[in-house]
Structure formats: structure tokens, C-alpha cells
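# Structural overview
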Amino acid sequence: MHAAVIQAADALPVYRDHPDPAPRHGDEMVVEVLATGLHHLTRAKANGSHYSADGVYPLVPGVDGVVRDEEGNIRYVVVDDTPLGTFADRTLIDPRRSVILPGGIDPVRIAAAMNPAMSSWVALRRRVDFQAGRRVLVLGATGNAGRMAVQIAKLFGAAQVIAAGRDTTRLSALTALGADETITFDQIGRAADVDVVIDYVWGERAAGAMMAMLTARGDRSAPLAWIQIGSIAGQSAPIPSVALRSARLQIVGSGIGSVPARDFLAELPELASAVAAGAIDVRARAVPLAQVTQAWTAETDDRVVFVP
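Since we're looking at a predicted model, the values are computed, not measured. (Residues numbered from 1 in each chain as written. Predicted model: local features only at pLDDT ≥ 70, side-chain atom pairs only at ≥ 80, totals over all residues. Heavy atoms only, no water.)

### Thoughts on the overall build of the protein chain
Within the protein chain one finds 8 helices and 15 strands. Along the first, second and third principal axes, the C-alpha atoms of the protein chain reach 60 × 40 × 35 Å. Looking at the protein chain as a whole, 51% of its 308 residues are labelled buried. Residue pairs in contact within the protein chain that sit at least 24 positions apart in sequence constitute 71% of those at least 6 positions apart. Of the roughly 13,500 Å² of accessible surface on the protein chain, 49% is carried by carbon and sulfur atoms. Taking the average place of the 29 positive charges on the side chains of the protein chain and the average place of its 33 negative ones, the gap between the two points comes to 6 Å. (Helix = DSSP H or I, 4+ residues; strand = E, 2+ residues; numbered from the N terminus. Buried < 20%, exposed > 50% of the residue type's maximum accessible area, 1.4 Å probe, protein only. Contact = heavy atoms within 4.5 Å. Areas by Shrake-Rupley, 256 points an atom, 1.4 Å probe, with all protein chains shown as cover. Lys, Arg positive; Asp, Glu negative; His and termini not counted. Charge placed at Lys NZ, Arg CZ, Asp CG, Glu CD.)

If you want it as C-alpha cells, here you go:
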């Protein structure tokens with residue numbers, strides 16, 4: 001078979017011949033890969049920069065995908081830490097870490113959406129006590145995951161969703177996806193009284209936004225849940241201690257480790273149904289896996305999905 005293989009942390013994947021997978025124990029099955037997304041998590045685990053990376057090379061990247069099992073079932077699967085990911089013609093999966101999808105689904109659409117959508121979906125379901133009627137700020141809303149977070153917050157019954165980012169053109173498009181208001185970072189005070197922040201930014205930019213919001217907040221005793229998910233603006237944020245003392249602020253993270261694997265898996269069926277039903281707008285671009293080297297570093301607004 002063929003697979004994308006990475007030889008070292010600083011190397012690009014190369015499409016080449018690769019040994020066929022063979023189950024190592026009774027819980028594994030060989031499946032045919034139909035579509036697999038090129039996610040930020042995929043790149044970060046592959047180059048060793050993600051906290052969950054094990055640094056073992058060579059490896060076949062790919063953290064999830066849509067596959068067909070030997071019985072013909074189409075599944076969305078999340079793969080565990082393994083040197084054989086989903087960027088291959090075939091791979092090994094634990095069926096307990098998958099969900100069988102309904103007939104007629106678009107594998108490319110599912111592969112593009114599930115990973116970025118899962119970040120906010122699981123955060124709101126598993127990391128805070130989110131109730132319909134809450135007001136939500138999505139910090140870093142113009143990225144793929146941020147766009148979906150706007151839609152998912154609305155899907156969960158948010159009374160108001162404010163989308164914040166730097167690119168005003170991309171921000172303006174979010175009103176059609178459910179954003180009640182769009183703001184740039186210098187206008188962050190307008191979101192001072194939200195109940196929940198979904199943060200894909202972190203770094204100094206998030207710390208500055210946090211202090212501006214707390215300063216302008218009408219009632220600092222009202223709970224504010226700040227969910228840290230991504231860190232595109234920096235791995236560390238200089239948050240002064242007064243932020244934690246002067247307001248009823250709760251900062252939590254959502255990701256691998258803070259959310260048990262069983263909780264991620266429990267959310268997969270409903271999320272997959274929402275994506276398949278068109279409840280979440282998905283931008284996907286199918287690319288042959290043979291072009292993985294060129295596509296690995298490509299800048300695109302669409303989620304690249306590799307297909308055989």
C-alpha cells in the first residue's frame with residue numbers, strides 16, 4: 001500500500017510504499033481509509049510541538065478519518081498514539097474509538113469537520129455547565145475551528161454569540177453563520193458581559209482581552225468561564241493575579257487529557273449526525289494523498305482532506 005511517511009520532526013511527509021498493516025491484538029481491525037483531514041493537531045503531533053506527541057519516528061501522521069471496515073461499514077475513527085495514522089491507504093483502528101456513520105454521507109465533509117468542530121462541542125458539553133440562553137464570545141473566530149464554534153454555540157442555544165478576530169473580511173462572513181456581533185480585538189470591551197469565552201488565541205493577545213473585559217464588566221461577581229482551547233498567539237499568557245481576585249473568573253482548558261477519551265467518544269455520534277445533517281457549515285477541499293508533500297504547508301481557508 002501507499003502512505004505518507006515522516007522521518008523526523010523537521011521533515012515533510014513523503015508519499016511512498018509502506019508495509020500493509022497487521023493487527024497486533026484482537027481489538028484491532030484493518031480498515032480502508034476514505035478521507036482524512038489535515039488538522040493543526042495533525043501537524044503539531046507530527047513535528048513534536050503538541051504536548052501529546054511521543055516523538056517516535058518514522059511515523060505515518062493522521063489523527064482521525066473516515067474509513068470502511070471489512071464488513072462495509074463506514075466509520076469515523078479517532079486513532080490512538082501510534083506510528084501508523086490515517087494518512088495511508090489502510091490503517092489499524094480500535095473499533096471502540098469509532099462511530100458507524102449513516103449511509104449516503106460525504107466522507108470528505110465528515111473528515112474535514114469532526115476534529116475542528118469537536119474542540120468547541122466537547123468544551124461546551126464537558127468542561128463547563130453550559131445552558132441555553134448564555135452569552136458567548138469566540139476569541140479567534142475566523143479560523144476553521146472558530147467558525148464552527150460560532151455555529152455550535154448557537155446550536156446549543158446561546159442567546160448571543162460574539163465573534164472576535166483580526167480579519168474584518170472574514171469576520172463579516174460570520175453573521176450568516178449565527179454571529180450576533182463581530183468585533184476586532186481593539187473592540188473587545190463590547191463583549192465584557194458574556195458568560196463564556198471560547199479561546200483559540202491565548203498568548204499576550206488573550207491576556208490583554210481578558211483584562212479589558214474584566215475592567216469593563218458590569219458585574220464582576222457574575223460568573224465568567226474562560227475555556228482555553230488553542231494557542232495561535234502564544235503558548236504562554238501573562239495573566240496578572242488581579243484578574244483572578246477581582247472577578248468571578250474561571251479558567252479551564254479543554255483538550256486531550258483534560259477531557260477523558262471516553263467523554264470525547266461519547267460525543268461523537270451526535271456531532272457526526274449534526275455534521276451529516278448540514279447543521280454545521282463545512283469548508284473542505286479534497287486533495288489526493290499523493291500530493292501530501294506539497295499540501296502539508298499550503299495556506300488555505302478550506303480544510304484540506306486527503307483522499308486515496
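### Looking at the packing of helix α2 (residues 107-127) against helix α7 (residues 261-276)
Packing of α2 against α7 leaves a shortest axis separation of 9 Å and a crossing angle of 125 degrees. Taken together, the axes of α2 and α7 lie oblique to each other. At the point where α2 passes α7, the crossing takes the right-handed sense. Here α2 contributes Arg 109, Ile 110, Ala 113, Met 114, Ala 117, Met 118, Trp 121, Val 122, Arg 125 and Arg 126 to the contact with α7, which in turn contributes Asp 263, Phe 264, Ala 266, Glu 267, Leu 268, Glu 270, Leu 271, Ala 272, Ala 274, Val 275 and Ala 276. Of the residues that constitute the contact of α2 with α7, the class distribution is 15 nonpolar, no polar and 6 charged. (Axes fitted to C-alpha atoms, helices over the stretch in contact; angles between N-to-C directions. Parallel < 35°, antiparallel > 145°, perpendicular 65-115°, else oblique. Left-handed = near helix turned anticlockwise from the far one by under 90°. Nonpolar A, V, L, I, M, F, W, Y, C, P; charged D, E, K, R; others polar.)

### Quick word on unusual backbone geometry
Residue Tyr 57 is joined to Pro 58 through a cis peptide bond whose omega torsion reads 0 degrees. With respect to the helices and strands, Pro 58 occurs in the loop between α1 (40-47) and β4 (64-68).

### Some words on the sheet that holds strand β11 (residues 196-199)
In space, the 6 strands of this open sheet follow the order β10-β9-β8-β11-β12-β13, with parallel pairing throughout. The sheet is open, and its two borders are formed by β10 (181-183) and β13 (249-253), each paired with just one other strand. The mean inter-strand angle of the sheet, taken between neighbouring strand axes irrespective of direction, is 20 degrees. Pairing analysis gives 5 bridges linking strand β8 (residues 135-139) to strand β9 (residues 160-164), with the strands arranged parallel. Within β9, the residue paired with Val 136 across the bridge is Val 161. Across the sheet, helix α5 (residues 203-216) lies against β8, β11, β12 (224-228) and β13, angled at about 175 degrees from β12, the strand it touches most. (Pairing = 2+ DSSP bridges.)

### Some remarks on the side chain of Thr 184
By the element assignment, Thr 184 lies in the loop between β10 and β11. By relative accessible area, Thr 184 is classed as buried at 18%. Leave out the neighbours within four places in its chain, and Thr 184 touches Gly 165, Arg 166, Thr 168 and Leu 171.

### Thoughts on the packing of aromatic side chains
Applying the stated criterion to the full structure yields 3 aromatic pairs. A centroid spacing of 5.1 Å and a plane angle of 70 degrees characterise the contact between Phe 87 and Phe 306, whose relative ring orientation is edge-to-face. Of this pair, Phe 87 sits in the loop between β5 (74-78) and β6 (90-93) while Phe 306 sits in strand β15 (residues 303-307), and the two are 219 residues apart along the sequence. Judged by centre distance (4.9 Å) and plane angle (70 degrees), the ring pair of Trp 121 and Phe 156 falls under edge-to-face. Linking Trp 121 in helix α2 with Phe 156 in the loop between α3 (144-155) and β9, this pair joins segments that are 35 residues apart in sequence. In this pair, the class of Trp 121 matches that of Phe 156, namely buried. Connected via pairs of aromatic rings, a cluster forms that spans Phe 87, Trp 296 and Phe 306. (Phe/Tyr/Trp six-rings, centres within 6.5 Å; stacked < 30°, edge-to-face > 60°.)

### As for the nonpolar core
Leu 101, Leu 124, Val 136, Val 138 and Ile 198 are the most contacted members of the largest nonpolar core, which has 57 residues in total. With 12 residues, α2 is the single largest residue contributor to this core. (Core = buried A, V, L, I, M, F, W, Y, C linked by side-chain atoms within 4.5 Å.)

### Points about α1
Leu 41, Thr 42, Ala 44, Lys 45 and Ala 46 are the residues of α1 that are buried. Where α1 is buried, its residues touch β3 (29-37) and α2.

### Here's the deal with the environment of Asp 193
Take Asp 193: it is sitting in the loop between β10 and β11. Separated by 109 residues in sequence, Asp 193 and Leu 84 place their C-alpha atoms 46 Å apart. Residues within four places of Asp 193 in sequence aside, it is in contact with Arg 135, Arg 217, Gly 218 and Asp 219.

### Description of the pairing of β12
Burial of β12 is extensive: 5 of the 5 residues sit out of reach of the surface. Residues Leu 224, Trp 226 and Gln 228 of β12 are buried on one face, and the alternating residues Ala 225 and Ile 227, pointing to the opposite face, are buried as well. Here β11 pairs with β12 via 4 bridges, running parallel. Looking across to β12, one finds that Asp 199 is bridged to Gln 228. As for the winding sense of the linkage, the β-α-β connection from β11 through α5 to β12 is right-handed. Across 5 bridges, β12 lies against β13 in parallel orientation. Along β13, the bridge assignment pairs Gln 228 with Gly 253. (Right-handed = clockwise from strand over helix to strand, strands pointing away.)

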